[in-house]
Amino acid sequence: MENVAFFDTKPYDREHFDRLKDRYGISVRYYYDRLTPDTAALASGCRAAVAFVNDNIDREVIASLCENGVEAVALRCAGFNNVDLDAAAERLRVFRVPAYSPSSVAEHAAALLLTLVRKTHRAYNRTRDHNFSLKGLTGIDLYGKTVGLIGTGRVGLSFAAICNGLGMDVIASDPVQSWGRGIEYVDLSELFRRADVISLHCPLTQSTFHLIDRPALRAMKDGVYIINTSRGALIDSEALLEAIKNGKLGGAGLDVYEEESDVFFEDISGSVIRDDVLDMLLCQPNVLITSHQAFLTNEALEAIAKTTLQNLREYFDTGECANEIGAQGMKITI
Ligand code: NAI
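Here, residues in each chain are numbered from 1, in the same order as that chain's written sequence. A pLDDT threshold of at least 70 governs which residues receive local features in this predicted model, and a stricter bar of 80 or more applies before side-chain atom pairs are shown or counted, although totals over entire chains, interfaces and linings include all residues. Neither water nor hydrogens contribute to the side-chain values; these are computed over all heavy atoms in the structure.

Draft legend 1. Main features of the site of the ligand. Around the ligand, the surrounding shell holds 23 residues, and the nearest of these are Tyr 100, Val 155, Asp 174, Thr 229 and Asp 255. Between Arg 154 and the ligand, the recorded distance is 3.0 Å, taken from a backbone N or O atom to an oxygen atom. Between the ligand and the protein, one listed contact pairs an oxygen atom with a backbone N or O atom of Phe 295 at 3.1 Å. Here the open area of atoms and residues is found with the Shrake-Rupley method and a 1.4 Å probe, where only the protein chains shown may cover a residue. Here the ligand has 860 Å² of accessible area as a free molecule, and 83% of this is covered by the chains. Partitioned by chemical class, the residues of the shell around the ligand number 10 nonpolar, nine polar and four charged. Residues are labelled near a given molecule or strand when at least one of their non-hydrogen atoms is within 4 Å of it. Definition of a polar contact: a pair of N or O atoms within 3.5 Å, with one able to donate and the other able to accept a hydrogen when the atoms are protein atoms, and with sequence-neighbouring residues admitted only if both atoms are side-chain atoms. Each residue receives one of three labels: charged for Asp, Glu, Lys and Arg, nonpolar for Ala, Val, Leu, Ile, Met, Phe, Trp, Tyr, Cys and Pro, and polar for the others, Gly being one of them.

Draft legend 2. Representation of the confidence of the model for the chain. Per-residue confidence for the chain averages 94 on the pLDDT scale, and 97% of its residues sit at or above 70. Here pLDDT means the predictor's own confidence in every residue, given as a number from 0 to 100. Every residue pair with non-hydrogen atoms within 4.5 Å of one another is taken to be in contact. The low-confidence segment residues 327-334 (pLDDT under 50) makes 24 contacts with residues lying over four places distant or belonging to another chain.

Draft legend 3. Structural view of the sheet that holds strand 9 (residues 197-200). Two strands pair under a simple rule: DSSP has to find at least two bridges between them. What counts as a helix is a DSSP run of H or I of at least four residues, what counts as a strand is a run of E of at least two, and both are numbered from the N terminus. Read across the open sheet, the seven strands follow the order 8-7-6-9-10-11-12; overall the sheet is parallel. The open sheet has two edge strands with one neighbour each: strand 8 (183-185) and strand 12 (287-289). Here the average twist between neighbouring strands, direction ignored, is 20°. In terms of strand pairing, strand 10 (residues 224-228) meets strand 11 (residues 249-254) through five bridges, oriented parallel. Each bridged residue has a counterpart across the sheet, and for Tyr 225 the counterpart in strand 11 is Gly 251. To define axes, lines are fitted to C-alpha atoms, for helices over the stretch in contact only, and angles between the resulting N-to-C directions are given on a 0 to 180 degree scale.

Draft legend 4. Just the domain arrangement of the chain, in detail. Where each domain begins and ends follows an automated or database-derived domain assignment. Taken as a whole, the chain is organised into domain 1 (2-100 + 298-318) and domain 2 (102-289). Listed by partner, the interface residues are 14 residues for domain 1 and 10 residues for domain 2. A 1.4 Å probe defines the accessible area here, and the buried area is the portion of it lost by two parts on being joined, summed over both. When residues of domain 1 are sorted by the area they lose upon contact with domain 2, Arg 34, Asn 54 and Asn 81 head the list and together hold 43% of the total. Basic side-chain nitrogens of Lys or Arg form a salt bridge, by our definition, when they fall within 4 Å of a carboxyl oxygen of Asp or Glu. Put simply, domain 1 and domain 2 have one salt bridge between them. Ionic pairing is found between Glu 266 and Lys 10, a salt bridge with its closest N-O pair at 3.4 Å. Here domain 1 is connected to domain 2 by four residue pairs in polar contact (both at pLDDT 80 or more).

Structure, rendered in structure tokens:
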């Protein structure tokens, strides 16, 4: 049995890891704390640490993990923008779960979009208060509208299929064009000009940081809906808030937010929110924010647990892991 230290544990993660860990011969020490320079030493005596999207695996954390004998970090997520890969190079191996359930994320993007355009979030609150008025609840049909996808990897393609099913025209921008049925590839400026809905499905890299900024928002159609289930920093949140306040946008559905690590995944309902931009976004009737939950289905959690444990077992047995970052030549330091 190899020991691993599991950071930022939530009950829903633990349930799936507990069910599978013995099968992979792995003993898991669960910690509720995030992986930080202060907590990294908790991994002492473990060959690997298991981390999630908001564990900031920076130079200091990497140094501390290495000092404590940790050889590898297994991310239980797809994105790895939270790892300083330059600092990790040749010191710490980093694995990820490249795909677990693209449909879980795509279906959540669809849920955000359908809720926004039909205002069901507002109707739900109204009828609970015995207010059965329809005033202000007029929506739009998605049928016949154009959706612009930025990124057509696993999640983007799954979302494209849903949009096709809704009778939408699907256009997309991606440096790697895929075989996706019913997708017209266009450049980003044309996508901004034509799309009624824009949904982000690309990774966060140096070149996609604040991809949606003031000029991009200005180039979009009036009344456009923006959906982001990818990474918060793809959008300049202040620019987005401005565009919501000046009526440029029809609405925004956000499962991720650039400063999410201070608030998402935690119950802070008894506290004030110190982030004014987030606070203002939350107040708007046409902004719907979920707390990075697009991955949160039983199917996805099971697949995450299975691949993370498989990654670790493969590394412990062979010293290699097919899902190692860097082995695939990816260098991203944001
Ligand atoms: P993927 O790696 O299969 O696809 C990403 C696509 O983005 C690729 O086709 C790539 O060529 C494209 N791309 C890269 N740079 C681009 C650019 N500048 N413009 C347009 N396209 C670009 O990734 P997958 O599995 O589809 O996931 C997409 C994103 O979803 C991930 O990067 C991750 O950040 C996010 N995600 C969010 C989750 C959540 O719970 N909210 C859960 C899982 C993933």
